[in-house]
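Here is how the chains run, residue by residue.
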Amino acid sequence: MGERRWTKGMFDTEDWWAFWIGIFFVILGLVAAATYNVETKIGVDLTGWIVSFPKWVDISKSLSVDKYHKGFMSGPVAAVVSYVIFTIATCIGARAMKWDVKKYFVAWTIIYWLTVIIYILSRNAYIQATSLELKKYGIEWSLQLGGAHYIAALIIGLIIGNLAPRGFREFLRRAARPEWYIKIAIVCLGTKLGLKGIEATGYAVHLILAGCCATIAAYLLFWPLAYTVSRKVFKLTKEWAACLASGISICGVSASIATAGAIRARPIVPVMISSLIVVFAVIELIVLPYVLAYAPFWGLNEPMAAGASLGLTVKTDGADAAAGAILDELLRARAANELGVQWEEGWITAAAVMTKIWIDMFIGIWAFVLAVIWVYHFERRPGERVEKMEIWWRFPKFVLGYFIAMFAIWGLGLGGIIPTEALKWGIHPIEGPMRHLFFMLTFTSIGLVTDFRELKKEGLGRLAVAYAFILVVIIIPIGWFIAWLFHHGMKPPVVKP
Amino acid sequence: MRTIHFDLYYDGVKWIAKNDRIVVSGKTLEELDENLKLKLKDIFKNGKIKVSMELDFRKVIPHWMWQYHPYYFYRTVYLDLD
Amino acid sequence: MGGGNIAEELCPNCGSPMEIVKAEGMDILRCTSCGYERPLMAVEPWDPIEGKLVRYSIIAGIILTIVLAALINVYILSQYS
């Protein structure tokens, strides 16, 4: 092993493979858009095969394709084609990462089709149609459970992950990679801000800037308070307190590992803390969206602030994006039912993801700061230097995909190189159906990998109490305040009639 | 300046720096650096050496955590053998 | 998750795996073979540099919160109220 290069990990880490896969499909969409003739409405359809899951009354209509590609192929055929293409894409990544591809393939197949079945069943209009949609579906009532498909995937994943025979659940975990799938979905989400940014550049930029500022403020308040409580109240050592403070106040598992590495901690430290983070993140994912959707101060009053607050308080990318997606569904359903307003889908999710992305980006800088303090002041090992490249090595590479997708679409659209209508035609299947499918795969995977028995393990008692205390007393209240301070008044754009 | 690379491991008790020719260990990183300095002095006698040590995250972080953060740390230590 | 794949510490005495157990209200590492024990987390006194890190972070956090919030509210959020 020679000196570490900046390209290290480019083809053998999930972070980079989320970038490669996400960007590949974005490029497919852009190439399709480039071939689209706005007058004849014809182009080389490279993305119309992506399966979509509309709400349905007649189950034969439960599978479809993107709304701009109706008629390209039937829904069931699209489901199979999507399976084939996404299987090839993820298996290429699995092979490059030196996984056991055969076992991954079998586990992935089970997870994919399980997710598809859950998706279909839970999109029934009697479960999900809003009051504005009852007439459209010809029904007189509906449970109006926005986001039911996400919750169903999570619950079924949790049931299998906690109750199925050990061998089976361990086998499925080979392809239950929630962080990988959500990172691919987040690259797809970048195209949403890209497309919306062409029509309303101001709103998208405002969301980006507000998210950045909220993150900076939160970082500098969360971490020292969490660290002080860990040290003084729970009597943890510097090593444990620093990793716990980062995990609970910044971005969960990745921050815990990043900090542990920065301060040269024993590997047992981030491993134990991460076990807690994952379980608590799922608890937050289940609880917080409903609290935010129905609490009087939040709910319909501050939907974007509520979304942003999830980015500051839910500590893994997968759980945060998942929580944002549930909140998005819940609030849009409420707005439709109670206000008679149809908010555009995905903006509350984008608020949740945007703050999380800034948090992910800054972890490299914060870890660098901690490394400098630990190496040069606490531990003082003569001759050791902290390399500035640590910031790059810790930088989340999938975020590059998110911004490249966004800026590419802005550049091509605002620059007049490709008409907006063409961009929508090519990119919308990526921004919509593909993103939703990978979100669903994330939900199923989160359920499969979360084992609540971890909390019973020896040694986690004091850490679990510290985690819960800091989360409830410090992180959530301050996170909610900061999210409100930087996002109050912003509402999702309304669907144009 | 001479540069030497090592793979770094942690076996639960001590840190171990290893390459094709040299294996050095220490209960703490300070002890490792001290032992490394003594070993390199035996080989090179004097001068300044840049030592880089990479801890492969796959060897210390369980598989389920790799998807979150695929990096642990990379140390650079400048040793003066004089 | 990894179904229990916590990184194992090895006993400095005999090299066997150590398990985490509770003893007298504290979490300790105990060797499964020779019984060697040590605290999982020792107690460390508060270092003045920690105080500086915490103090400066909080001060910077409060100042930046006020400044950035003012900028965002004046130049961005005022358009949405």
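Given the structure is predicted, the values throughout are model-derived calculations rather than measurements.

Enquirer: Requested: an account of the sheet that holds strand β3 (residues 23-26) of chain B, with residues and values cited.
Expert: Within a beta sheet, neighbouring strands are joined by backbone hydrogen bonds and run either parallel or antiparallel to one another. The sheet built from six strands is open, its strands ordered β3(A)-β5(B)-β4(B)-β1(B)-β2(B)-β3(B) with mixed pairing. Whereas interior strands pair on both sides, the edge strands pair on one side only; in this sheet they are β3 (384-385) of chain A together with β3 of chain B.

Enquirer: Run through the pairing of strand β5 (residues 73-80) of chain B, naming residues and quoting values.
Expert: Counting buried positions over the eight residues of β5(B) gives six, a clear majority of the element. Pairing of β3(A) with β5(B) involves two bridges; the strand directions are antiparallel. Paired with E384(A) across the two strands is V77(B), which belongs to β5(B). Bridge count for strand β4 (residues 48-55) of chain B against β5(B) is eight bridges, and the pairing is antiparallel. Considered in β5(B), the bridge of K48(B) is made with D80(B).

Enquirer: Can you break down the environment of A262(A) residue by residue, with the values?
Expert: The topology assignment puts A262(A) in helix α11 (residues 252-262). Placed 110 residues apart in sequence, A262(A) and V372(A) show a C-alpha to C-alpha distance of 8.3 Å.

Enquirer: So what's going on with helix α9 (residues 201-233) of chain A? Residues and values would help.
Expert: Because each turn of an α-helix spans 3.6 residues, side chains separated by three or four positions in sequence point in the same direction. All names here are of chain A. With 33 residues, α9 extends 47 Å from end C-alpha to end C-alpha; this agrees with the ideal 48 Å at 1.5 Å per step. Of all the bends in α9, the largest measures some 25° and sits at A218. Most of α9 sits out of view: 24 of its 33 residues are buried. Note on α9: the residue one or two positions beyond its end, K235, has a positive phi of about 60°.

Enquirer: For the pairing of strand β1 (residues 2-10) of chain B, give the residues involved together with the corresponding values.
Expert: All names here are of chain B. When β1 meets β4, the two strands line up parallel, connected through seven bridges. By the bridge assignment, T3 is partnered in β4 with K50. Summarising the sheet, β1 and strand β2 (residues 15-18) pair through four bridges and their orientation is antiparallel. Among the inter-strand pairings, Y9 is bridged to a residue of β2, identified as I16. Counted between consecutive antiparallel strands, the loop separating β1 from β2 contains four residues, among which G12 sits at a positive phi close to 100°.

Enquirer: Can you explain the confidence of the model for chain C? Please cite residues and give values.
Expert: All names here are of chain C. Residues at a pLDDT of 70 or more form 79% of chain C, whose mean pLDDT is 79. Between the elements of chain C, mean pLDDT differs from a low of 72, seen in strand β3 (residues 37-39), to a high of 94, seen in helix α1 (residues 48-75). In this model residues 1-7 is a low-confidence stretch, pLDDT under 50, and it forms 27 contacts with partners more than four residues away in sequence or in other chains. In the predicted complex, the global pTM is 0.86; the interface-specific ipTM is 0.84.

Enquirer: Can you break down the nonpolar core residue by residue, with the values?
Expert: Membership of the largest hydrophobic core comes to 234 residues, with the highest contact counts inside it found for W180(A), F486(A), L40(B) and Y72(B). Of the residues forming this core, the biggest block, 22 residues, is contributed by helix α15 (residues 347-378) of chain A. Split by domain, the residues of this core number at least three in each of domain 1 (5-39) and domain 2 (48-80) of chain C. Sequence-distant contacts of F486(A), defined by excluding residues within four places in its chain, comprise A210(A), C213(A), A214(A), A217(A), T65(C), L68(C), A69(C), I72(C) and L77(C). Formed by five residues, the second largest nonpolar core is a distinct cluster that contains A129(A), L134(A), Y137(A) and I139(A).

About the criteria used
- Residues numbered from 1 in each chain as written.
- Chains lettered and ligands numbered in written order.
- Predicted model: local features only at pLDDT ≥ 70, side-chain atom pairs only at ≥ 80, totals over all residues.
- Heavy atoms only, no water.
- Pairing = 2+ DSSP bridges.
- Helix = DSSP H or I, 4+ residues; strand = E, 2+ residues; numbered from the N terminus.
- Buried < 20%, exposed > 50% of the residue type's maximum accessible area, 1.4 Å probe, protein only.
- Expected span 1.5 Å × (residues − 1).
- Bend = angle between axes of the 7 residues up to and from the residue.
- pLDDT = per-residue confidence, 0-100.
- Contact = heavy atoms within 4.5 Å.
- Core = buried A, V, L, I, M, F, W, Y, C linked by side-chain atoms within 4.5 Å.
- Domains from an automatic or database assignment.

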